[in-house]
Amino acid sequence: PMSVAGGVILGVAIPAVTTRFWPGAPTVSRPGVWLRLLGRLLADIVTANLSVAAIILRPGYRPRSALVSYPLRVRGAVPVTLLSSIISLTPGTVTVDVDRGRRWLTIHCLDLGDEQALVSRIRERYEALLEEIFP
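Cut-offs used in this document
Residues numbered from 1 in each chain as written. Predicted model: local features only at pLDDT ≥ 70, side-chain atom pairs only at ≥ 80, totals over all residues. Heavy atoms only, no water. Helix = DSSP H or I, 4+ residues; strand = E, 2+ residues; numbered from the N terminus. Buried < 20%, exposed > 50% of the residue type's maximum accessible area, 1.4 Å probe, protein only. Polar contact = N/O pair within 3.5 Å; in protein donor to acceptor, adjacent residues only side chain to side chain. Contact = heavy atoms within 4.5 Å. Pairing = 2+ DSSP bridges. Salt bridge = Lys/Arg side-chain N within 4 Å of Asp/Glu carboxyl O. 1 Å grid on protein atoms, 1.4 Å probe; cavity = no way out; pocket = protein on both sides within 12 Å on 5 of 7 lines; lining within 4 Å. Points joined across faces, edges and corners; volume = space filled by probe spheres on them. Nonpolar A, V, L, I, M, F, W, Y, C, P; charged D, E, K, R; others polar. Core = buried A, V, L, I, M, F, W, Y, C linked by side-chain atoms within 4.5 Å. Phe/Tyr/Trp six-rings, centres within 6.5 Å; stacked < 30°, edge-to-face > 60°. Lys NZ or Arg CZ within 6 Å of the ring centre and 35° of its normal. Axes fitted to C-alpha atoms, helices over the stretch in contact; angles between N-to-C directions.

Q: What exactly am I supposed to notice about the side chain of R123 here?
A: Within the fold, R123 resides in helix α4 (residues 115–133). Classification of R123 as buried rests on a relative accessible area of 16%. In terms of polar contacts, R123 uses its side chain to reach the side chain of E127, at 2.7 Å. With near-sequence residues (within four places) excluded, R123 lies in contact with Y70, P71, R73 and A128.

Q: Could you clarify how one ought to interpret the pairing of strand β2 (residues 93–99) in this entry?
A: In terms of strand pairing, β2 meets strand β3 (residues 104–109) through six bridges, oriented antiparallel. In the sheet register, T93 faces β3, and the bridge partner there is C109. In textbook terms, the turn of a hairpin is the stretch between consecutive antiparallel strands, and for β2 and β3 this stretch comprises four residues, one of which, R103, has a positive phi near 65°.

Q: Any chance you could explain the pattern of salt bridges here in plain terms?
A: Once their charged atoms are close, side chains differing in charge can pair, the charge on each being opposite to the other. Per the stated rule, a full pass over the model turns up eight salt bridges. R102 is the salt-bridge partner of D99, the closest N and O atoms lying 3.0 Å from each other. The class of D99 is partly exposed, set by a relative accessible area of 22%. We classify R102 as exposed; its relative accessible area is 60%.

Q: What am I meant to see in the layout of surface pockets here?
A: Sizing a probe to match a water molecule and rolling it over the atoms shows the empty space that remains. Taken as a whole, the second largest pocket encloses approximately 500 Å³ of empty space. Lining the second largest pocket we find 22 residues, and of these P91, T93, C109, L118 and R121 sit closest to its centre. If one sorts the elements of the lining of the second largest pocket by residue count, helix α2 (residues 31–57) sits on top with six residues. Its residues placed into classes, the lining of the second largest pocket shows twelve nonpolar, six polar and four charged.

Q: I tried to follow the nonpolar core on my own but got confused; where do I start?
A: Nonpolar side chains in soluble globular proteins generally cluster together in the buried interior. One finds Y70, L83, L105 and I122 to be the most contacted residues of the largest nonpolar core, which totals 23 residues. When contributions to this core are tallied by element, the ones reaching two or more residues are α2, β1 (66–71), α3 (77–89), β3 and α4. Examining the composition of this core, we find that seven residues originate from one element, α4, more than from any other. Those residues in contact with I122 that sit more than four places away from it in its chain are Y70, L83, I87, I107 and E127.

Q: Please explain the packing of aromatic side chains as it appears in this structure.
A: The relative placement of two aromatic rings is captured by the distance of their centres and the angle of their planes. Scanning the entire structure with this criterion turns up one aromatic pair. The ring of Y61 has R58 lying over it, and the distance from NZ or CZ to the ring centre is 4.4 Å.

Q: What am I meant to see in the sheet that holds β1 here?
A: By definition, the strands of a sheet pair up through backbone hydrogen bonds, in either a parallel or an antiparallel sense. Strands sit in the order β1-β3-β2 across an open sheet of three strands; the sheet is antiparallel. One side of each edge strand has no neighbouring strand; the edge strands of this open sheet are β1 and β2. For this sheet the average axis-to-axis angle between neighbouring strands, irrespective of direction, equals 25°. Taken together, the six bridges between β1 and β3 define a ladder with antiparallel strand orientation. Across the sheet, residue S69 finds its bridge partner in β3, namely T106.

Q: Can you walk me through unusual backbone geometry in this structure?
A: Residues other than glycine predominantly adopt negative phi, and peptide bonds predominantly adopt the trans conformation. Phi at R103 takes a positive value of approximately 65°, unusual for a residue other than glycine. Looking at where R103 falls in the secondary structure, it is placed in the loop between β2 and β3.

Everything listed here is a matter of coordinates, which is why it stays silent on function.
Below, the structure is given as structure tokens:
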């Protein structure tokens, strides 16, 4: 508990003190949306870990790995970096390329059932919240 408390305090204090040294840095707003995003991400990490474990432990199962092109709606380096990091933190998916010019992410998926469902899930669960945080 003390480590978590210390991490939260430093996570809030350091950006508050250093933001004046970063001209043009995006401002963070809507802490409630941040908490929703964090909770959603943590729940999805647990669920994805269980899914990946099931794939590994299932005898004879051959995952359908694929590369998926994801069209970005968020703008700016910070939201795009956060989205690509969120995707990579979730087991079973990894962001392999960020094309800011064409506004696409290339995502490797360990076991892809439906490409459109994956795109919709990322858009609804993560990108929509990032759009609220970084309007």
